[in-house]
Amino acid sequence: MNKMNKKVVGFVYALLTVIILSACSTEEVTTNHSDPQVSVSTTVKPLTKKEFSEVEISELTSPSKQDFRKVHVVLTLRGTDYLSNIQVKLPNYKQAFNNMKDDQQTRYWFGSGADEEQENKNIYTREFVLYTKGLNDKQMKEILAAAKVKTSWMVKDTKAKDQSEFAAGKNIKFEAK
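Residues numbered from 1 in each chain as written. Predicted model: local features only at pLDDT ≥ 70, side-chain atom pairs only at ≥ 80, totals over all residues. Heavy atoms only, no water.

### Concerning the sheet that holds strand β1 (residues 37-46)
- Overall, mixed pairing links the five strands, which are arranged β4-β5-β2-β1-β8 in an open sheet. Pairing within the sheet leaves two strands with one partner each, and these edge strands are β4 (108-118) and β8 (172-174). Sheet twist, expressed as the average angle between the axes of neighbouring strands with direction ignored, equals 15°.
- The pairing of β4 with strand β5 (residues 121-131) spans 10 bridges and is classified as antiparallel. Counted as the bridge partner of E116 is I123 from β5.
- Set on the sheet, helix α4 (residues 137-146) makes contact with β1, β2 (68-78), β5 and β8; between it and β8 the angle comes to about 155°. (Pairing = 2+ DSSP bridges. Helix = DSSP H or I, 4+ residues; strand = E, 2+ residues; numbered from the N terminus. Axes fitted to C-alpha atoms, helices over the stretch in contact; angles between N-to-C directions. Contact = heavy atoms within 4.5 Å.)

Right under this line is the structure:
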């Protein structure tokens, strides 16, 4: 074989190697988009004076600001650009706190929520006020930690459906009273 033929064979060999390697690597990229990253954070903190002034307390006997706490829950789904039909079912905190075992007190006072779609992520926020007189942080944490979030989605490319369920109270932070 002369020098020219060796160069052509070497070039063809290198070209085939590049083609094979690039074909293998694209497969991994497309399958990587099927599961969103999910994060949940929960903060329990005391009410401000202004927030306490907005709480309806007429049915309670001598209530104070220390008898109430605000719970702020944020669920974030990242990697949503490749998904469609995203469904998120957050826990029913009103039911969970108002139906505590051996507790006849109404605990869930009021709350609100918002769902926001941003570029490549969805954010679900819930905020509610609890009447916590007689409850300790451990009891509140047990109820928050037992709650489950259910999500489902469809991958746009493949139309494959998937779902996930996880604890809503993984990252619970209590701020000082």
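### Let's talk about the sheet that holds strand β7 (residues 161-167)
- Sheet architecture is open: three strands sit in the order β3-β6-β7, paired in antiparallel fashion. With partners counted over all chains shown, the strands left at the sheet margins are β3 (83-89) and β7, one partner each. Between one strand axis and the next, the sheet turns by 15° as a mean value, whatever way the strands run.
- Note that β3 and strand β6 (residues 148-155) share five bridges and pair antiparallel. Of the residues in β6, the one forming a bridge with S84 is M154.

### Here we look at the packing of aromatic side chains
- Under the definition given, this model contains seven aromatic pairs.
- Centroid distance F68 to Y131: 5.2 Å. Interplanar angle 55°. Geometry classified as tilted. In this pair, F68 is assigned in strand β2 and Y131 in strand β5, connecting sequence segments 63 residues apart. The same class applies to F68 and to Y131, which are both buried.
- Both rings, one in Y93 and one in F128, keep their centres 5.0 Å apart while their planes meet at 25°; by these two values the pair is stacked. Linking Y93 in helix α3 (residues 93-98) with F128 in strand β5, this pair joins segments that are 35 residues apart in sequence.
- Given a relative accessible area of 2%, F128 falls into the buried group.
- Following the ring pairs from residue to residue traces out a cluster consisting of F52, F68, W109 and Y131. (Phe/Tyr/Trp six-rings, centres within 6.5 Å; stacked < 30°, edge-to-face > 60°. Buried < 20%, exposed > 50% of the residue type's maximum accessible area, 1.4 Å probe, protein only.)

Any link to function would need more than the numbers given here.
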